[in-house]
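Each chain, letter by letter, is given below.
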Amino acid sequence: QYYRKENTSVGHGVLTIEAKRESFGGRNYTSSRLTTQFKQSFQYGRVDIRAALPYGKGIWPALWMLGNSISSVGWPKCGEIDVMEMIGGSSGEFSDSKIHGTAHWAGQNGQRLFAGGFKELDQGKFADEFHVFSIVWDAEKIRWYLDDVQYYVMDITSDEVSELRDRFFFIFNVAVGGNWPGPPNANTT
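Residues numbered from 1 in each chain as written. Predicted model: local features only at pLDDT ≥ 70, side-chain atom pairs only at ≥ 80, totals over all residues. Heavy atoms only, no water.

> What exactly am I supposed to notice about the pairing of strand β3 (residues 14–17) here?
A regular strand places its side chains on the two faces of the sheet in alternate fashion. Pairing of strand β2 (residues 8–11) with β3, which is carried by four bridges, proceeds in the antiparallel orientation. Within β3, the residue paired with serine 9 across the bridge is threonine 16. Connecting the antiparallel pair β2 and β3 is a turn made up of two residues, with histidine 12 showing a positive phi of about 55°. (Pairing = 2+ DSSP bridges. Helix = DSSP H or I, 4+ residues; strand = E, 2+ residues; numbered from the N terminus.)

> So what exactly am I meant to see when it comes to the side chain of serine 31 here?
Mapped onto the fold, serine 31 is located in strand β5 (residues 27–31). Among the residues examined, serine 31 registers a relative accessible area of 0% and is labelled buried. Once residues lying within four places of it in the same chain are set aside, the contact partners of serine 31 are Gln1, Tyr2, Tyr3, Arg4, Asn7, Ile17, Glu18, Ala19 and Val174. (Buried < 20%, exposed > 50% of the residue type's maximum accessible area, 1.4 Å probe, protein only. Contact = heavy atoms within 4.5 Å.)

> Help me understand the pairing of strand β14 (residues 131–137) in this model?
Burial analysis of β14 places five of its seven residues in the buried class, which makes it a mostly covered element. For strand β7 (residues 45–51) and β14, the ladder comprises seven bridges, and the chain directions are antiparallel. Bridge assignment links glycine 45 to a residue of β14, and that residue is tryptophan 137. With five bridges connecting them, β14 and strand β15 (residues 141–146) associate as antiparallel partners. Across the sheet, residue phenylalanine 133 finds its bridge partner in β15, namely leucine 146. In this structure, the hairpin formed by β14 and β15 is closed by a connection of three residues.

> Is there a simple way to think about the environment of aspartate 155 in this case?
Following the sequence through the fold, aspartate 155 ends up in strand β16 (residues 149–155). For the pair aspartate 155 and lysine 141, spaced 14 residues apart in sequence, the C-alpha separation works out to 4.5 Å. When residues no more than four places from it in sequence are discounted, the contact partners of aspartate 155 are Glu140, Lys141 and Val161.

Shown next, in the form of structure tokens:
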């Protein structure tokens, strides 16, 4: 996708990111990405994001955070905390009713390491109604929640994951396609 500010709107108290099937900038889809980089960063606390998610094969909404140090040390050494990612689809890992909460960091050889969990709805999909996606983050742990029910916890006290104790900025986006979800199919609107 090509990210455009025109794909973001605010109305009736709701921020909307719209993915569209349209050619722009050499890409077949457009969407939007909002970031607090160079504006606001955070270290520790509780983050609650209330959202209804898009759905369909190839759709990849994410509410996530990157370490402020990305410009100087790159990724994954800067650290990444995914408050919520959903990989759209109809079954398994690619499901409109399954979210992932994950942390990424760099190992001693610079390779990407990660840990995380997932939560599935008992019925329906995340587009059916608004849900609250949360983390509670301190110098010892990151806890992931869906609608105030914890589904994963990670200890971040070891030196190996020290980047997960630094300052982070937020990114909200709806990606279309990519290595993980693959491209949309004929059923994706």
